[in-house]
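Inside the fold
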Amino acid sequence: MAEIELVEQHKAYGGVQYVYKHQSQTTGTMMTFAVFVPPQAEAGKRPVLTYLSGLTCTHANVMDKGEYRRVAAELGVIVVCPDSSPRGEGVPNDDAYDFGQGAGFYVDADEAPWKANFRMYSYVTRELPALIAEHFPVDMARHGVFGHSMGGHGALTLALREPQLYKSVSAFAPIVAPSQVPWGQKAFTGYLGPDEKRWRQHDTVALIEDGKRVKDILVDIGTADPFFSKELKPELLEAACAAAGIPLTLRRQEGYDHSYLFISSFMEDHLRWHAERL
């Protein structure tokens, strides 16, 4: 059994909010993740949701500000919140907020010096689910994924590429076409190299154009989000889903921005969306 070390735990809404760390074989670093286990888990296995965080974030941002526990406890859903990149001494980094530690983009890097540690795709889709299944009462046949910004990009691309693993998907303000925007172009060039064909494997719009499908998608984005036009471009996802016949619920929320005040305002809707499908 893979070892995990308890960092903290707190009772909430009849369940327990845990934080653990472990030595990752995938990233070669210590990795930290949060898990909320609802009270229903005492009676048996529960569906599970993985939440992927955005640029600069750790597991703690959504744990502290996401306001998911009340509804997760009501619905009986386990919520898993990994970090957004490897971290620590000896791990490559960059001075900018949008690359390096805190900005793993949920890809497996091909380029030096990132490729030794920055393997977040494999970590989130392989190592972490296996770890969660070992240690917690989860029904992995009922597994959904959601996330915010860079994590919204991760949620959408992982769901499209791993339909056997994820049965539902939603996103808050996702980067839907990273190959076409500065955040994604910078990250993909650095992690994956100059071959844009490689980029398509981690681009939601490109994956849909190339034939990948999910049952349906929920996306919320604030009309006052400062990254709306330059980095997020929700209209590209709208067009791709329309062309592919993928049901998309895209809600432009008037006056909301990119912050966790926005996310927490619509967290309940996303949890209920997933619960209906899981």
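Quick look at the structure, then.

Calculation rules
- Residues numbered from 1 in each chain as written.
- Predicted model: local features only at pLDDT ≥ 70, side-chain atom pairs only at ≥ 80, totals over all residues.
- Heavy atoms only, no water.
- Helix = DSSP H or I, 4+ residues; strand = E, 2+ residues; numbered from the N terminus.
- Rg over C-alpha atoms; globule rule 2.2 N^0.38 Å.
- Buried < 20%, exposed > 50% of the residue type's maximum accessible area, 1.4 Å probe, protein only.
- Contact = heavy atoms within 4.5 Å.
- Areas by Shrake-Rupley, 256 points an atom, 1.4 Å probe, with all protein chains shown as cover.
- Lys, Arg positive; Asp, Glu negative; His and termini not counted.
- Charge placed at Lys NZ, Arg CZ, Asp CG, Glu CD.
- Phe/Tyr/Trp six-rings, centres within 6.5 Å; stacked < 30°, edge-to-face > 60°.
- Lys NZ or Arg CZ within 6 Å of the ring centre and 35° of its normal.
- 1 Å grid on protein atoms, 1.4 Å probe; cavity = no way out; pocket = protein on both sides within 12 Å on 5 of 7 lines; lining within 4 Å.
- Points joined across faces, edges and corners; volume = space filled by probe spheres on them.
- Nonpolar A, V, L, I, M, F, W, Y, C, P; charged D, E, K, R; others polar.
- Core = buried A, V, L, I, M, F, W, Y, C linked by side-chain atoms within 4.5 Å.
- Pairing = 2+ DSSP bridges.
- Axes fitted to C-alpha atoms, helices over the stretch in contact; angles between N-to-C directions.
- Salt bridge = Lys/Arg side-chain N within 4 Å of Asp/Glu carboxyl O.
- Right-handed = clockwise from strand over helix to strand, strands pointing away.

So, on to the overall build of the chain. A count of helices and strands for the chain gives 10 helices and 9 strands. In summary, the chain has a C-alpha radius of gyration of 17 Å against a globular reference of 19 Å for 278 residues, a match within 12%. Dimensions of the chain, computed from the C-alpha atoms along their principal axes, are close to 45 × 40 × 35 Å. In the chain, which comprises 278 residues, the share counted as buried stands at 58%. Summarising the internal contacts of the chain: among those between residues at least 6 apart in sequence, 72% fall at separations of at least 24. Working note: accessible area of the chain is about 11000 Å², and carbon and sulfur atoms make up 48% of it. The chain carries 27 positive and 35 negative side-chain charges, and their two centres are separated by 5 Å.

This structure, assessed with the given rule, holds 19 aromatic pairs. What links up through ring pairs into an aromatic cluster is the set Tyr51, Phe146, Phe172, Tyr256, Phe262 and Phe266. When the ring centre of Tyr68 is taken as origin, the NZ or CZ atom of Arg69, which lies over that ring, is 5.0 Å away. Above the ring of Tyr121, the side-chain terminus of Arg161 is found at 4.4 Å from the ring centroid.

The subject of this paragraph is empty space enclosed by the protein. Following the criterion strictly, the structure yields 1 cavity of 30 Å³ or more and no others. Estimated volume of the largest cavity: approximately 60 Å³. Looking at the lining of the largest cavity, the elements that each hand over two or more residues are β4 (46-52), α3 (120-135) and β6 (138-148). Considering each element in turn, the lining of the largest cavity owes the most residues, 4 residues, to α3. Taken together, the residues that form the lining of the largest cavity break down as 8 nonpolar, 2 polar and no charged.

Counting 92 residues, the largest nonpolar core has Phe33, Tyr51, Tyr68, Phe105, Phe136, Tyr191 and Met267 as its most contacted members. In terms of residue count, α3 provides more of this core than any other element does, 7 residues in total. Here Phe136 is in contact with Ile4, Tyr18, Tyr20, Phe33, Val35 and Val37, once residues within four sequence places are set aside.

This part covers the sheet that holds strand β3 (residues 30-37). Judged by pairing direction, the sheet is mixed, and its 9 strands sit side by side in the order β1-β2-β3-β5-β4-β6-β7-β8-β9 without closing on themselves. Of all the strands in the sheet, just β1 (5-12) and β9 (248-253) have a single pairing partner and so form its edges. In this sheet, adjacent strand axes meet at a mean angle of 15° when their direction is disregarded. Where helix α4 (residues 150-161) meets the sheet, its contacts fall on β4, β6, β7 (168-172) and β8 (217-222), and the angle it forms with β6 comes to roughly 140°. Sheet contacts for helix α9 (residues 234-244): β8 and β9; angle to β9, the most-contacted strand, approximately 160°.

It is possible for side chains bearing opposite charge to pair when their charged atoms get close. Counting across every chain of the model gives 15 salt bridges. Note that Glu238 and Arg252 form a salt bridge whose closest N and O atoms lie 2.9 Å from each other. Here Glu238, found in helix α9, pairs with Arg252, found in strand β9; they are 14 residues apart in sequence, far enough to count as distant. Of the residues examined, Glu238 reaches a relative accessible area of 34% and is grouped as partly exposed. Of the residues examined, Arg252 reaches a relative accessible area of 38% and is grouped as partly exposed. For the salt bridge of Arg251 with Asp269, the shortest nitrogen-to-oxygen distance reads 2.8 Å.

On to the pairing of β7. Most of β7 sits out of view: 5 of its 5 residues are buried. Burial of β7 is two-sided: the residues Ser168, Ser170 and Phe172 facing one way and the residues Val169 and Ala171 facing the other way are all buried. Sheet topology places β6 next to β7; 5 bridges connect them, and they run parallel. Across the sheet, Phe146 pairs through a bridge with Ser170, a residue of β7. Following the chain from β6 across α4 to the adjacent parallel β7, one finds a crossover that is right-handed.

Moving on to unusual backbone geometry. Cis geometry marks the peptide bond from Ala112 to Pro113; its omega dihedral reads 0°. With respect to the helices, strands and loops of the structure, Pro113 is situated in the loop between β5 (78-82) and α3. With a phi angle near 60°, Phe105 is a residue other than glycine that sits in the positive phi range. With respect to the helices, strands and loops of the structure, Phe105 is situated in the loop between β5 and α3. Classification of Phe105 by relative accessible area gives buried; the value is 0%. At Lys233, a residue that is not glycine, the phi angle is positive and equals roughly 45°. Note that Lys233 resides in the loop between α8 (228-232) and α9.

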